[in-house]
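Each chain, written out:
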Amino acid sequence: MKFTYTATNDSGKTVKGQTEGPDRASVVQALHKQGLRPIVVKLAGGKQSTVKSKKVKLKDLVIFTRQLSTMISAGVPLVRSLATLQTQTNSKNFKEVLGEISKDIEGGGALGDSLAKHPKVFSEVYINMVRAGEAGGILDDILKRLASQVEQDASMRKKIKAAMMYPIVIFSITIVAFFGIMIFVIPKIGKILTDLGGPDAKLPIYTRVMLSGSSFMQHNAIIIIGVTIGGIYLLKRYLRTPSGKYKFHALLLRTPIIKGIVTKIAIARFARTFASLMTAGVSVLNALEVTGGAIGNKVIEAELIEAAKEVKNGKQLSEPLSASPHFPPIISQMLAIGEETGQIDTILVRVADFYEEEVETVIDGLSALIEPLMIVVLGSIVGVIAASVMGPIASLSKNIGGS
């Protein structure tokens with residue numbers, strides 16, 4: 001099997017390359033013999049698979065992880081465990097993925113390397129923790145930790161989606177209703193105003209603006225829809241690029257209210273993921289690289305990459321993080337205590353629990369605030385339209401009655 005690696009030599013320079021070996025452990029051993037200190041060793045073909053892997057439900061992944069941990073703890077061979085779990089899963093895609101993993105294991109491959117071939121199903125954190133568990137002979141314990149971590153992530157995502165669902169639905173309905181009123185209703189009301197007051201009737205400026213906007217939308221509806229769809233498509237493509245992602249994530253970190261939520265989620269993920277990797281025996285540099293990718297924010301990930309460089313130069317992790325604008329001082333202080341006592345994993349798990357509770361509190365508060373806020377927004381839109389329409393109609397009716 002081919003592997004790509006990132007390592008440091010005796011002079012401290014970073015070396016990247018590709019090599020072959022029967023498994024990851026053999027490659028790591030060979031690199032040590034060459035005088036290199038491996039930082040990251042990955043299967044070169046890890047992202048290729050005969051199965052077109054699609055994402056599976058987190059619920060299925062949690063069940064698989066817990067059951068696999070139980071079976072391994074009970075002494076059931078890995079191949080047999082995978083075969084049993086393959087028959088039990090209700091997900092057709094997951095069933096195919098597990099079948100291919102079983103074939104790899106039967107062929108002498110390592111579980112972590114087999115999982116790496118399905119990056120849409122198993123995250124880099126998941127893969128690296130499994131590899132560390134295999135190397136340390138504690139795969140069952142690592143899988144238990146993984147199941148708990150996946151459950152925590154699933155719970156947090158579910159709460160965030162639930163909080164966002166209401167405003168998204170209301171906003172979508174508002175946009176559709178607005179365009180419907182402007183294209184179909186306002187032109188008819190404009191005709192009524194013209195019939196009442198004649199073509200030279202003096203209308204309030206906000207009414208004239210609304211009628212002009214309605215006329216523009218009515219005559220250019222196809223162009224507006226095309227430009228809107230094209231703009232959304234181009235924006236999505238741009239946000240998928242490294243530059244687009246970085247700028248979007250930087251914008252989130254500058255947006256009031258959202259900044260606090262994003263930062264707390266990132267810190268909770270960092271603390272829990274880094275603690276799990278350290279417990280599994282993953283090196284600090286490797287753990288920082290994997291954790292950065294799991295946080296979900298490119299700005300904070302870049303900060304962790306810079307922190308890893310300083311750690312490689314001999315500094316403690318708490319030092320570079322203390323200068324970060326996004327990690328609060330308590331994180332560096334807790335890390336410093338953990339470094340002194342040798343209990344980084346225990347302390348960071350507590351930090352993760354604290355910030356996850358903070359995120360839940362903020363989201364619950366936002367959920368209670370969003371509903372009345374949306375009602376006010378909707379009421380304002382209805383009020384503006386009503387004032388633009390009913391005011392002129394009443395005024396023109398009085399003029400007609402008076403004459």
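Remember, predicted model here, so these are calculated numbers, not experimental data.

Q: In this structure, what is going on with the overall build of the protein chain? I would like to understand it.
A: Looking only at helices and strands, one finds 16 helices and three strands in the protein chain. Considering only contacts within the protein chain whose residues lie at least 6 apart along the sequence, 62% involve residues at least 24 apart. By element, 61% of the accessible surface of the protein chain is carried by carbon and sulfur atoms, the whole surface being about 22600 Å².

Q: How do you make sense of the pattern of salt bridges when you look at a structure like this?
A: If the charged atoms of two oppositely charged side chains come close together, the side chains can form a pair. Within the structure shown, the criterion is met by eight salt bridges. Taking the shortest distance from any N to any O, the salt bridge between K117 and D104 comes out at 3.3 Å. Of this pair, K117 sits in the loop between α5 (111-115) and α6 (124-136) while D104 sits in helix α4 (residues 92-106), placing them 13 residues apart in sequence. The class of K117 is partly exposed, set by a relative accessible area of 21%. We note a salt bridge from K315 to E310, for which the minimum N-O separation is 3.1 Å. Beyond isolated ion pairs, a larger network of salt bridges with shared partners links R272, D353 and E356.

Q: Teacher, can you tell me more about the environment of Y246 here?
A: Mapped onto the fold, Y246 is located in helix α10 (residues 242-252). Residues Y246 and V299 lie 53 residues apart in sequence; the distance between their C-alpha atoms is 6.1 Å. Y246 has contacts with K298, V299 and A302, leaving out every residue within four places of it along the chain.

Q: Sorry if this is basic, but what is going on with the nonpolar core here?
A: Note on soluble globular proteins: their nonpolar side chains tend to be buried together. In terms of nonpolar packing, the biggest core is built from 70 residues, with F64, F94, I101, F122, Y126, F270 and L317 touching the most fellow members. Ranked by the residues each element gives to this core, the list is headed by helix α11 (residues 258-279), at 11 residues. The contacts of F94, once residues within four sequence positions are left out, are V56, D60, L61, F64, T89, V121 and F122. Ranked by size, the runner-up nonpolar core spans 11 residues in total, among them M182, I186, L203 and I385.

Q: Quick question: what am I supposed to make of the packing of aromatic side chains here?
A: Both the distance between ring centres and the angle between the ring planes are used here to describe each pair of aromatic rings. Summed over all chains, the structure comprises eight aromatic pairs. On the basis of an interplanar angle of 20° and a centroid distance of 5.6 Å, the ring pair of F270 and F274 is categorised as stacked. Separated by four residues within a single helix, F270 and F274 lie in helix α11, roughly one turn from each other. Note on accessibility: F270 and F274 belong to one class, buried.

Q: I keep staring at the confidence of the model for the protein chain and nothing clicks. Help me out?
A: Across the protein chain, the average pLDDT comes to 81, with 89% of residues at 70 or higher. Confidence drops under pLDDT 50 across residues 46-51; counting only partners more than four residues distant or on other chains, this segment forms 16 contacts.

Q: Just checking my understanding: could you explain unusual backbone geometry for this structure?
A: Peptide bonds are mostly trans, and most non-glycine residues show a negative phi. Here I257, not a glycine, exhibits a phi torsion of approximately 70°, which is positive. With respect to the helices and strands, I257 occurs in the loop between α10 and α11.

Q: Could you clarify how one ought to interpret the side chain of S324 in this entry?
A: With respect to the element layout, S324 can be found in the loop between α14 (318-322) and α15 (329-341). Exposure remark for S324: the relative accessible area of 12% places this residue in the buried category. Looking at S324, its side chain comes within polar contact range of the side chain of E303, at 2.5 Å.

Q: I would appreciate a short explanation of the environment of I183 in the present structure.
A: Locating I183 in the fold gives a position in helix α7 (residues 139-197). Residue I183 is classed as buried on the basis of its relative accessible area of 18%.

What counts, and at which threshold
Residues numbered from 1 in each chain as written. Predicted model: local features only at pLDDT ≥ 70, side-chain atom pairs only at ≥ 80, totals over all residues. Heavy atoms only, no water. Helix = DSSP H or I, 4+ residues; strand = E, 2+ residues; numbered from the N terminus. Contact = heavy atoms within 4.5 Å. Areas by Shrake-Rupley, 256 points an atom, 1.4 Å probe, with all protein chains shown as cover. Salt bridge = Lys/Arg side-chain N within 4 Å of Asp/Glu carboxyl O. Buried < 20%, exposed > 50% of the residue type's maximum accessible area, 1.4 Å probe, protein only. Core = buried A, V, L, I, M, F, W, Y, C linked by side-chain atoms within 4.5 Å. Phe/Tyr/Trp six-rings, centres within 6.5 Å; stacked < 30°, edge-to-face > 60°. pLDDT = per-residue confidence, 0-100. Polar contact = N/O pair within 3.5 Å; in protein donor to acceptor, adjacent residues only side chain to side chain.

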